[in-house]
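Descriptive structure summary
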Amino acid sequence: MQIPATPAQPSGQEAAQQKPQEEAKAEPAVDGFALSATRSKEPAEISRILSASSFLKVSVDGDTVAVLNVESRDIKRSPYLFSITYLRPSSIEVAYSVIPGASARKRKIEVCRHLLNLLTQLDGACEADQKQLYQLLQSVLKDIAEFASSDYNTIFAKYDEALRGFSELKKKTELLEAQHSKMSKDLIEARSENDELTLRVKELEAYSDETLMVKLQDWLDVHRNEISIPEFSKQYNVVESRVEAILNKMVLGGYLELR
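The paragraphs below set out a description of the structure included in this document. For clarity, every value in this text was computed on a predicted model and none was experimentally measured. (Residues numbered from 1 in each chain as written. Predicted model: local features only at pLDDT ≥ 70, side-chain atom pairs only at ≥ 80, totals over all residues. Heavy atoms only, no water.)

What follows deals with a nonpolar patch on the surface. On the surface, Y159, L163 and F166 cluster together to form a nonpolar patch covering roughly 330 Å² of accessible area. By secondary structure assignment, the location of F166 is in helix α6 (residues 152–205). Note on F166: relative accessible area 53%, which makes it exposed. (Patch = residues over 30% accessible without salt bridge, like charges linked within 9 Å, V, L, I, M, F, W, Y side chains within 5 Å. Areas by Shrake-Rupley, 256 points an atom, 1.4 Å probe, with all protein chains shown as cover. Salt bridge = Lys/Arg side-chain N within 4 Å of Asp/Glu carboxyl O. Helix = DSSP H or I, 4+ residues; strand = E, 2+ residues; numbered from the N terminus. Buried < 20%, exposed > 50% of the residue type's maximum accessible area, 1.4 Å probe, protein only.)

Below, the structure is given as structure tokens:
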């Protein structure tokens, strides 16, 4: 008996898949698993066997056969809900998408059902390691049992608890964003005030023309009426051009005579 590749879908799920605009609002997550396997047929033969299924897209890349099963697409017609099964010579790797807000465990159950269908079609051509396959099925059956034993009240209680936690986290996030915005504004104002204070300090620390003239006169008295503008500029932290301007002012004012 062949297992259906895609589970029968209730009308609600069909309606959801007919609204790719809603699906495109959030990117799906990607999950997967791998099994050891033995492949006894060549990739071309594997591709021929699976090509009979119209809902599958099969491609061959070297010694790997990739089997794509697209269950729904977004508004750009790109795969949204899908699974890809890689059939390698010694392994089977499965990657699949999980729609945001959907149950990850339920999605894994659906993908495992699809994998069992592929293995049924490939009977004698590709065999999964039985021990690993049984372990996978055991995990899936455990998830199914939990779904089956959970009544509506329990499920709703868990959902309500999760929703409450989400609301609290959302409030905390909004508070942190507001605090961050205020801190950023305060930081900008503090930097502006610091720049203004730094400018004022520099202005206060700068020598007036009269002060520089006195210091230049003292320098000349100590150095026998000779001056090294670079040395004077370095000692008093004044740019050389200003020292030259003050010297010129002193000459024009009759305070100094050139020799």
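Further notes follow.
On to the packing of helix α8 (residues 229–236) against helix α9 (residues 240–252). Contact pair α8 / α9: the axes reach a minimum separation of 9 Å and the direction vectors enclose 115 degrees. Between α8 and α9, the angle is such that the two are roughly perpendicular. The crossing of α8 and α9 is right-handed. Residue-level contacts link I229, P230, F232 and S233 of α8 to E240, V243, E244 and L247 of α9. In terms of residue class, the contact of α8 with α9 is made up of five nonpolar, one polar and two charged. (Axes fitted to C-alpha atoms, helices over the stretch in contact; angles between N-to-C directions. Parallel < 35°, antiparallel > 145°, perpendicular 65-115°, else oblique. Left-handed = near helix turned anticlockwise from the far one by under 90°. Contact = heavy atoms within 4.5 Å. Nonpolar A, V, L, I, M, F, W, Y, C, P; charged D, E, K, R; others polar.)

Turning to the sheet that holds strand β4 (residues 79–88), a few remarks are in order. Taken in spatial order, the six strands make up an open sheet running β2-β3-β4-β5-β1-β6, and their pairing is antiparallel. A single partner strand is all that each edge strand has here, and the edge strands are β2 (56–61) and β6 (126–128). Averaged over all pairs of adjacent strands, the angle between their axes in this sheet comes to 25 degrees, without regard to strand direction. Summarising the sheet, strand β1 (residues 29–39) and β6 pair through three bridges and their orientation is antiparallel. When the sheet's bridge partners are listed, A37 is paired in β6 with A128. Against the sheet, helix α3 (residues 43–50) engages β1, β2, β3 (64–73) and β4, with an angle of about 175 degrees to β2. (Pairing = 2+ DSSP bridges.)

Moving on: the side chain of S47. Mapped onto the fold, S47 is located in helix α3. S47 sits in the buried class, given a relative accessible area of 17%. Sequence-distant contacts of S47, defined by excluding residues within four places in its chain, comprise V58 and V60.

Oppositely charged side chains are able to pair whenever their charged atoms sit close together. As enumerated under the stated definition, the model contains nine salt bridges in all. With a shortest N-O distance of 2.6 Å, E45 and R48 are connected by a salt bridge. Note that E45 and R48 are positioned in helix α3 at a spacing of three residues, about one turn of the helix. Taking relative accessible area as the criterion, E45 reaches 27% and is therefore assigned partly exposed. Residues D143 and R105 are paired through a salt bridge, measuring 3.9 Å at the closest nitrogen-oxygen approach. Here the residue D143 occupies a position in helix α5 (residues 130–149), and R105 occupies one in helix α4 (residues 104–121), the gap between them amounting to 38 residues. The class for R105 is partly exposed, based on a relative accessible area of 36%.

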